[in-house]
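Notes for the structure review
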Amino acid sequence: MPHIAVVGSGPGGVYTAQGLLRQNLLRDVRVDVLDRLPCPYGLVRYGVAPDHEKIKSLQGTLRAVLQDERVRFLGGVEIGPALPPARLLELYDAVVYCVGAAADRRLGVPGEDLPGSWSATDFVAWYSAHPDARDDGYVRAVRTAVAIGVGNVAVDVVRMLARGAAELTPTDMPQAALGILAASEVRDVYMVGRRGPSQARFTTKELRELGSLPDTEVVVEEAELALDAGYRAPAALPGAVRRNVEVLRAWAARPRLGAARRIHLRFFLRPAEIVAGGGRVAGVRFERTAPDGLGGVVGTGTYEEIGAQLVLRSVGYRGVPLAGLPFDPASGTVPQAAGRVLRGGRVSPGEYVAGWIKRGPTGVIGTNRPCAKETVTSLVADLGTRPSRDGTARDPLDGLVAAGVRPVTWDGWQAIERAETELGASLGRGSVKIADWAGLLGAARGAGEG
Ligand code: NAP
């Protein structure tokens, strides 16, 4: 009976577990899905914006996999010095790392670490109740915010900054973050791309949503958009890009409404410096760029400053090395071939990767399905080609416990879910997420877990 460990319970990890369950040759497989956090679902719980209920409902699909009788969720299990990859390989027949891309890319400009300059991932973690998130108040005393980058994460944070209490209260966001965002006096939010609208990374559905927010209008500058040849002549653009450009053209043609809040979409501005004033962020200095005709841009030597009290750097995620696993710092991924981990260019028997740590932080949630499938195919083909674990059929959980781990089981997670429902009811809201380690572990252990 093969016993497989999947490290990480986000979409990459759960689709890997599902792929293993679907193998006809592996009817008696056992899968332990380990996670550092007491809660499953990775970025579906801690990355998808709280107002995107439809995407969040994917949790139902992930839940069905984790509730399969051949699967065991083990939260609160950190792979680290006490439980290194080498030990996992002794305990399991194979280990699949699906640990995502936990950090953010750096901008590399002066002022990046000023108070008031945050990565979008910090801000997202805060409003998503990640127990490691820092609470800075973010929008306190902020009237203007700048998001650097024009991907879907930038669209998420810009939308969250523009939402009011009426729209945020029905979500499951933590009460403290709700209170701060509901009291926000942010009036202008800039989303700024270094290239043109036809090179933006956001998807049309997400872009369009910015135009439907209450009391908010989208402001674009026709002359700036028209620096982009694709904007001037969209017919030749690929469909997805053309649809983005059409949305922007419609906004450019619309008269200003005088709404209470404005979302400004700016392009061809490359961040040069995050400007300080009074010891914290006072704005961002951008260099105006021009298209180079090849999809890139060149600097023009002219500069523009946008005054702001909050800067959210939204320029992509970055994988983090896991001690004991190889890592390519250039791509932020684990070197691999068809999901097999490579050590020194050679396949490391029994070790696999799937998801963002395998292919980098791109694609939507569904992209993880084919990615996991490829890895599972490699794993199944390899089974039996390395000596079986420990030479015994002992439960790997004994080995985890011997390493000092005290896992949160599925029952513990369900107790957290119940506690979140009760917390929400006490606040007159639907389910409200618990945002701290003590609260999560207290709820889980209160379930009578050992
Ligand atoms: P992304 O799509 O890679 O976008 C990153 C943005 O940052 C790009 O506009 C990029 O511009 C810009 N950028 C990178 N380095 C920069 C620099 N030094 N200076 C200025 N700008 C810079 O990353 P993401 O927004 O973090 O999203 C990650 C993935 O999650 C994506 O696949 C996204 O679609 C997905 N996601 C999906 C949803 C959804 O479906 N609702 C929500 C959130 C995230 P260049 O193009 O010029 O490099």
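We now turn to the structure provided with this report. (Residues numbered from 1 in each chain as written. Predicted model: local features only at pLDDT ≥ 70, side-chain atom pairs only at ≥ 80, totals over all residues. Heavy atoms only, no water.)

1. Topic: helix α15 (residues 368-382)
This is how it is decided: Here a helix means four or more residues in a row that DSSP labels H or I, a strand means two or more in a row labelled E, and each is numbered from the N terminus. The length a helix should cover is 1.5 Å for every residue beyond the first. In what follows, a contact means two residues having at least one pair of non-hydrogen atoms within 4.5 Å.
Taking 1.5 Å of rise per residue, the 15 residues of α15 would be expected to cover 21 Å, and the 21 Å separating its terminal C-alpha atoms lies within 8% of that figure. Considering only its buried residues, α15 is in contact with β1 (3-7), α1 (11-21), β4 (94-97), β17 (340-343), β18 (346-353) and α14 (356-359). Of the residues one or two after α15, glycine 384 is the one with positive phi, at around 90°.

2. Quick look at the pattern of salt bridges
Operational definition: Within this document, salt bridges are pairs made up of a side-chain nitrogen of Lys or Arg and a carboxyl oxygen of Asp or Glu, the two lying within 4 Å of each other. Each residue gets one of three labels from its accessible area relative to the maximum for its type: buried under 20%, exposed over 50%, partly exposed in between, using a 1.4 Å probe on protein chains only.
Overall, the coordinates contain 32 salt bridges when judged by the stated rule. Put simply, aspartate 104 and arginine 313 hold a salt bridge, and the shortest N to O gap is 3.8 Å. Linking aspartate 104 in strand β5 (residues 103-104) with arginine 313 in strand β14 (residues 310-313), this pair joins segments that are 209 residues apart in sequence. On the accessibility criterion, arginine 313 (6% relative accessible area) is buried. Here arginine 163 makes a salt bridge to glutamate 209, at a shortest N to O gap of 3.6 Å. Pair noted here: arginine 163 is in the loop between α7 (152-162) and α8 (165-168) and glutamate 209 is in helix α10 (residues 204-209), with a separation of 46 residues, a long-range link. Of the two residues, arginine 163 and glutamate 209, neither departs from the other in class, the shared state being buried.

3. Observations concerning the pairing of strand β8 (residues 188-192)
Residues in a regular strand project their side chains so that they alternate between the two faces of the sheet. For clarity, the threshold we go by: At least two bridges found by DSSP between two strands is the condition for calling them paired.
Counting buried positions over the five residues of β8 gives five, a clear majority of the element. The two faces of β8 match: Asp188, Tyr190 and Val192 on one face and Val189 and Met191 on the other face are all buried. Here strand β7 (residues 144-148) runs beside β8; their pairing, made up of five bridges, is parallel. Pairing of alanine 145 across the sheet is with valine 189, part of β8. As judged from the five bridges shared by β8 and strand β10 (residues 261-266), these two strands associate in the parallel manner. Note that in β10 the partner of tyrosine 190 across the bridge is histidine 264.

Read these as geometric descriptors, not functional statements.
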